[in-house]
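Topology and contacts: notes
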Amino acid sequence: MSTADRQHWRIERDAERIVWLWADKADASANVLSSEVLRELDGHLTTIRTEAPRGLVVLSAKKSGFIAGADIKEFTRIQGEDSGYQLIHAGQAVLDRLAALPFPTVAALHGFALGGGLELALACRYRIAVGDERLALGLPEVQLGIHPGFGGTVRSVQLIGVKAAMRLMLTGKPVRAEEALRLGLVDRLVTVEDLRAEARRLILEPPAPHRAPLLERMLSWAPLRPWVQPSLTAQVASKVRRDQYPAPYAIIELWSRYGAHGAAAFEAEARSIARLFVSESARGLIRVFLLQDRLKALAGKSPAPLERVHVIGAGVMGGDIAAWAALRGCRVTLQDSDAARIEPAIARAQELFEKRLRDARKISAAAQRLSADPEGRTLGEADVVIEAIVEDLDAKRTLLEQIEPRVRPDTLIATNTSSIDIGALGTGLERPERLVGLHFFNPVAQMPLVEIVTAPGSGAPAVQAATAFARKLEKLPLPCRSAPGFVVNRVLMPYLQEAMRAAAEGVPLEVIDAAAVAFGMPMGPVELADVVGLDVAAHVGAIVAQGLGRPAPDLEPLRERIAAGKLGRKSGSGFYPWREGKAVKAPVSGTAPVDLSDRLILILLNECAACLREGIAADADLIDAAVIFGTGFAPFRGGPFAYARARGINAVVERLESLAQRHGARFEPDGGWALLASGAAGAQSVPTPPEQPVKS
Ligand code: NAI
């Protein structure tokens with residue numbers, strides 16, 4: 001090997017003839033198994049094998065953890081099944097060589113070992129890990145629409161048995177230290193100081209390698225597999241559809257045909273993942289992953305600390321934002337017009353801490369970070385102030401004017417308004433450039449997106465601090481321009497209103513929702529309106545229409561229910577009755593009207609095109625990201641524009657034209673489509689699925 005080939009691994013040989021192979025990918029803070037990293041590993045393994053050492057220990061030189069997985073960017077360059085197969089086959093071959101070494105091999109893990117990283121560890125004879133709270137071992141490939149491809153579907157079952165391995169692969173969720181030990185995924189848990197000593201001990205006195213218990217191994221025998229397989233398939237089928245998310249079904253099928261046994265099982269794994277790579281599902285989900293990375297990278301660096309947070313308005317949003325910030329380590333004070341209004345928010349925060357933290361000491365520490373401050377005495381100490389009072393321009397403007405003289409000059413002043421123009425809110429401020437919208441979504445703990453809303457006068461330091469703060473809270477910042485509805489509410493409104501129209505035409509609510517779910521939405525628009533709250537939906541709908549100078553939407557169906565106290569989930573009844581947090585629906589009967597799905601989805605897409613044309617967010621990818629992370633838009637489709645590209649922009653435009661003829665001018669294709677078709681919609685930073693016929 002030339003020196004150029006040796007940039008990602010370091011090799012150390014000691015007096016006891018143990019080889020220590022350190023993963024240390026060049027110019028990266030975390031290790032990933034790119035083709036280059038694997039090729040270099042292959043060279044090392046060939047050399048090490050001929051040296052015939054006492055044993056080999058594979059470990060990571062990075063602080064962050066062992067190996068985070070394969071290099072996902074490489075997946076986007078896969079053109080067809082053949083090239084996907086070549087990529088996977090080459091990786092499998094390297095790990096096969098590792099597994100076949102005739103001396104003891106140990107993977108010494110710390111932090112994370114995920115995807116290909118865990119598969120590499122599975123190819124070693126033993127695994128030990130630093131058993132602290134950071135340890136996360138998992139096979140999350142299914143979240144990218146694929147499955148393990150470097151032998152993981154086979155070796156995981158062999159090591160820990162079918163039930164545990166399926167749980168790892170089908171959910172994609174990592175396991176923590178204690179569970180990893182209990183499952184036999186690692187042989188021992190150690191402290192960081194003992195990692196090397198324990199690895200050495202395993203090499204010098206190698207015990208019999210761990211295998212799944214006999215009963216578990218029996219489940220993989222050919223006569224028993226047909227008995228186990230239906231329950232696995234049923235579990236998956238209760239969550240996702242095969243045509244939208246084929247990967248978990250493929251995992252079960254591989255096992256059910258080959259029983260995690262023999263060369264054929266590895267070959268089938270490679271063939272299967274190669275097919276998945278080119279599926280709409282994997283292309284879409286990989287895109288979602290890369291979009292998420294892009295939003296994370298948008299976070300600015302704030303010169304000031306963002307530790308102390310003061311939230312004004314302890315209602316649904318303010319209370320939950322305060323709780324979330326305390327959970328994420330900020331010291332938070334919460335203000336409202338009187339202490340009694342703050343108490344329910346603090347009680348809700350306690351529930352959140354208990355649910356998320358579990359450990360009593362951490363729960364109490366989080367609770368101590370959150371306190372009531374009805375008079376705003378701590379305003380002067382705050383790094384960030386978030387206004388979350390009622391949605392009323394005058395009330396908000398007055399409050400912001402009162403806040404400004406009481407905070408430090410470098411304090412970020414933010415508003416959680418969902419519909420009021422940021423410029424208008426800042427008119428009474430001495431320095432309006434420090435005001436930014438931090439638009440969280442409801443429920444705060446579950447929604448990953450925060451729109452960072454700016455007016456023409458918003459200053460760069462405030463925007464930077466706002467994006468940095470969103471990341472500190474582990475949310476995804478989406479910079480956008482202050483315009484009615486910003487991005488997410490703007491595109492949601494026509495979608496919800498189209499659902500209301502269909503309902504008014506007599507289409508049963510359940511049928512409307514089923515059409516959206518069949519497209520891949522996490523829930524239908526009627527149910528979504530109930531979740532958002534009919535009062536909130538009516539208010540935002542009216543404001544967005546007014547702001548855009550459009551005819552007022554028909555809000556009668558909402559108003560009737562609001563007048564009857566039916567506000568949706570929060571009041572126990574809206575369009576649907578709600579029991580224990582779930583909408584009670586009648587079984588879907590009859591078929592959906594022929595245009596229904598396209599009416600719902602394409603009107604949303606058309607609004608995305610309008611946002612693009614108006615530059616509400618900087619480019620098409622950001623709009624896709626906003627709609628995916630702000631509404632849950634069918635993840636396997638990769639976002640509204642990715643879906644439109646896959647269907648063909650011209651086909652979408654033609655379909656809109658025909659819908660406009662049949663259903664009205666609201667479907668007239670927006671001028672934004674021409675921008676998209678001409679490629680003037682901003683650089684495409686994240687690949688989209690290639691154009692292909694897609695079922696609508
Ligand atoms: P809410 O009505 O639940 O809470 C508002 C709170 O502000 C009340 O507790 C009220 O006592 C308090 N308040 C009113 N004036 C005050 C003042 N001058 N000083 C101190 N406290 C005052 O309202 P919600 O739903 O939490 O909304 C708050 C903001 O968040 C609004 O701007 C809304 O548009 C926005 N928002 C709401 C979402 C939702 O789904 N509810 C989603 C995203 C944003």
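Before any of the text, the structure's been laid out above.
Definitions and limits used
Per chain, residues are indexed from 1 in the order of the written sequence. Totals for whole chains, interfaces and linings use every residue, but because this is a predicted model, local features are given only for residues with pLDDT of at least 70 and side-chain atom pairs only at 80 or more, for both listing and counting. Values reported for side chains reflect all heavy atoms of the structure, with hydrogen atoms and water molecules removed beforehand. Numbered from the N terminus, helices here are DSSP runs of H or I no shorter than four residues, and strands are runs of E no shorter than two. Throughout, a residue-residue contact means that at least one pair of heavy atoms, one from each residue, lies within 4.5 Å. A simple rule labels every residue: compare its accessible area, found with a 1.4 Å probe on the protein chains alone, to the largest value its type can have, and call it buried under 20%, exposed over 50%, or partly exposed in between. DSSP bridges decide pairing: two strands pair if at least two such bridges lie between them. Whether a crossover is right-handed depends on one test, that the path from the first strand over the helix to the second runs clockwise when the strands point away from the viewer. Proximity criterion: a residue is near a molecule or strand once any of its heavy atoms comes within 4 Å of it. Each polar contact in these results corresponds to two N or O atoms within 3.5 Å; when the atoms are within protein, one needs to be able to donate a hydrogen and the other to accept it, and residues that are neighboring in sequence are counted only if both atoms are side-chain atoms. For every element, the axis is a line fit to its C-alpha atoms; helices are fit only across the contacting stretch, and the angle between N-to-C directions ranges from 0 to 180 degrees. Small angles under 35 degrees read as roughly parallel and large ones over 145 as roughly antiparallel, with 65 to 115 read as roughly perpendicular and the rest as oblique. Residues are sorted three ways: Asp, Glu, Lys and Arg are charged, Ala, Val, Leu, Ile, Met, Phe, Trp, Tyr, Cys and Pro are nonpolar, and all the rest, Gly among them, are polar. Here, the term nonpolar core denotes a set of buried Ala, Val, Leu, Ile, Met, Phe, Trp, Tyr and Cys residues that are joined through side-chain atoms within 4.5 Å. Segmentation of the chain into domains, including their bounds, is taken from an automatic or database domain assignment.

Mapped onto the elements of the fold, I18 is located in strand β2 (residues 18-23). With 86 residues separating them along the chain, I18 and P104 place their C-alpha atoms 9.7 Å apart. Ignoring sequence-local partners within four residues, the contact set of I18 consists of E12, R13, R54, G55, V57, R200, I203 and L204.

With that settled, consider the pairing of strand β13 (residues 412-415). Residues L412 and A414 line one face of β13 and the alternating positions I413 and T415 line the opposite face, and both faces are buried. Bridge count for strand β12 (residues 384-387) against β13 is 4 bridges, and the pairing is parallel. What sits directly across from V384, in β13, is L412. Crossover β12 to β13 through helix α17 (residues 393-403) is right-handed.

Attention shifts here to unusual backbone geometry. Going from N442 to P443, the amide bond is cis rather than trans, its omega being 0°. Position of P443 relative to the elements: it lies in the loop between β14 (435-440) and β15 (449-454). In this structure, R17 is a non-glycine residue whose phi angle is positive, near 65°. Position of R17 relative to the elements: it lies in the loop between β1 (9-13) and β2. For E474, which is not a glycine, the phi torsion comes out positive at approximately 60°. Looking at where E474 falls in the secondary structure, it is placed in the loop between α19 (460-472) and β16 (476-481).

Before going further, it helps to examine the site of the ligand. Surveying the vicinity of the ligand reveals 19 residues, the closest of which are M317, D336, E391, K396 and S418. In this structure, an oxygen atom belonging to the ligand sits 2.5 Å away from a side-chain N or O atom of E391. Contact between the ligand and S418: an oxygen atom at 2.7 Å from a side-chain N or O atom of the residue.

Describing two packed helices takes the angle between their axes plus the distance from one axis to the other. Between helix α21 (residues 509-519) and helix α22 (residues 525-532), the least distance of the axes is 7 Å, while the angle of their chain directions is 100°. Here α21 is positioned roughly perpendicular relative to α22, judged by the angle of their axes. Taking contact as the criterion, the partners of L509, I512, D513 and A516 in α21 are, on α22, P525, V526 and E527. The residue inventory of the contact of α21 with α22, partitioned by class, reads 5 nonpolar, no polar and 2 charged.

Before going further, it helps to examine the nonpolar core. One finds Y495 and W673 to be the most contacted residues of the largest nonpolar core, which totals 98 residues. Here this core gets 11 residues from one element, more than from any other, and that element is helix α25 (residues 596-614). Residue assignment places this core across two domains, with domain 2 (308-482) and domain 3 (489-678) each supplying three or more. For Y495, the contacting residues outside a window of four places in its chain are A516, M521, M523, G524, P525, L528, L600, I601, I603 and L604. L38, L122, I146 and V186 belong to the second-largest nonpolar core, a separate cluster that totals 78 residues.

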